[in-house]
Amino acid sequence: MFIHLGGDMVVRAKEVIAILSRDVQESSNLTSAYLQQEKKRKKSVVISEDFIKSIVITDHVVYYSPVSSGTLKKRAVATSDLDLQLEEKH
């Protein structure tokens, strides 16, 4: 299944490593350093220049999303629940 990150961007739920609030980047030196390292190592995609509310880390890309981390987490849980229901039927 997929998670809609905002705009016209979707990612496979299986690829998501972490969903972080943008505030974490500013409040933690360790997280900030990690994200800087990931920016250098992986491709970065800013979905909306106007609003960045969350950071989604996948295997190959770091996404800066206009959707809040809480909303993205709810979408990820809903996707996971749907996957489980589909597996049970097969």
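Residues numbered from 1 in each chain as written. Predicted model: local features only at pLDDT ≥ 70, side-chain atom pairs only at ≥ 80, totals over all residues. Heavy atoms only, no water.

1. Side note on the overall build of the protein
Inference 1: When helices and strands are counted, the protein shows three helices and six strands.
Inference 2: Sequence-ordered secondary structure for the protein, helices as α and strands as β, is β-β-β-α-α-β-β-β-α.
Inference 3: When burial is assessed residue by residue, the protein has 30% of its 90 residues classed as buried.
Inference 4: At a minimum sequence separation of 6, the contacts of the protein that also span at least 24 residues come to 47%.
Inference 5: As displayed, the protein has an accessible area near 6000 Å², and 52% of this comes from carbon and sulfur atoms. (Helix = DSSP H or I, 4+ residues; strand = E, 2+ residues; numbered from the N terminus. Buried < 20%, exposed > 50% of the residue type's maximum accessible area, 1.4 Å probe, protein only. Contact = heavy atoms within 4.5 Å. Areas by Shrake-Rupley, 256 points an atom, 1.4 Å probe, with all protein chains shown as cover.)

2. Details of the side chain of T58
Inference 1: In this structure, T58 sits in strand β5 (residues 54-58).
Inference 2: When sequence neighbours within four positions are dropped, the list of residues in contact with T58 reads E15, V16, I17, K42 and Y63.

3. Comments concerning the sheet that holds β5
Inference 1: The mixed open sheet is built from four strands, whose spatial order is β3-β5-β6-β4. In this open sheet, the two strands that pair with only one neighbour each are β3 (16-21) and β4 (43-46). Neighbour-to-neighbour, the strand axes of the sheet open up by a mean angle of 15°, direction not taken into account.
Inference 2: Pairing analysis gives four bridges linking β4 to strand β6 (residues 61-65), with the strands arranged parallel. (Pairing = 2+ DSSP bridges. Axes fitted to C-alpha atoms, helices over the stretch in contact; angles between N-to-C directions.)

4. Overview of helix α2 (residues 29-41)
Inference 1: Along its 13 residues, α2 runs 18 Å from first to last C-alpha, staying within 8% of the 18 Å computed at 1.5 Å per residue.
Inference 2: Looking at α2, one finds that the buried residues are T31, L35 and E38. Down the axis, α2 shows its buried residues gathered within 60° of arc, on one side only. The exposed residues of α2 that point more than 90 degrees off its buried face are N29, L30 and K40. (Expected span 1.5 Å × (residues − 1). Arc of directions from axis to C-beta.)

5. So, the environment of D8
Inference 1: Positionally, D8 belongs in the loop between β1 (2-6) and β2 (9-12).
Inference 2: Taking the C-alpha atoms as reference, D8 lies 8.3 Å from I47; in sequence the two are 39 residues apart.

6. Here we look at the pairing of β5
Inference 1: When you tally the buried positions in β5, you get five out of five residues, the bulk of the element.
Inference 2: A two-sided burial pattern is seen for β5, the buried positions comprising S54, V56 and T58 on one face and I55 and I57 on the other.
Inference 3: Examined bridge by bridge, β3 and β5 share five bridges and lie antiparallel to one another. Paired with V16 across the two strands is T58, which belongs to β5.
Inference 4: Note that β5 and β6 share four bridges and pair antiparallel. When the bridges of β6 are listed, I57 appears paired with V62.
Inference 5: Linking two consecutive strands that pair antiparallel, namely β5 and β6, is a turn of two residues.

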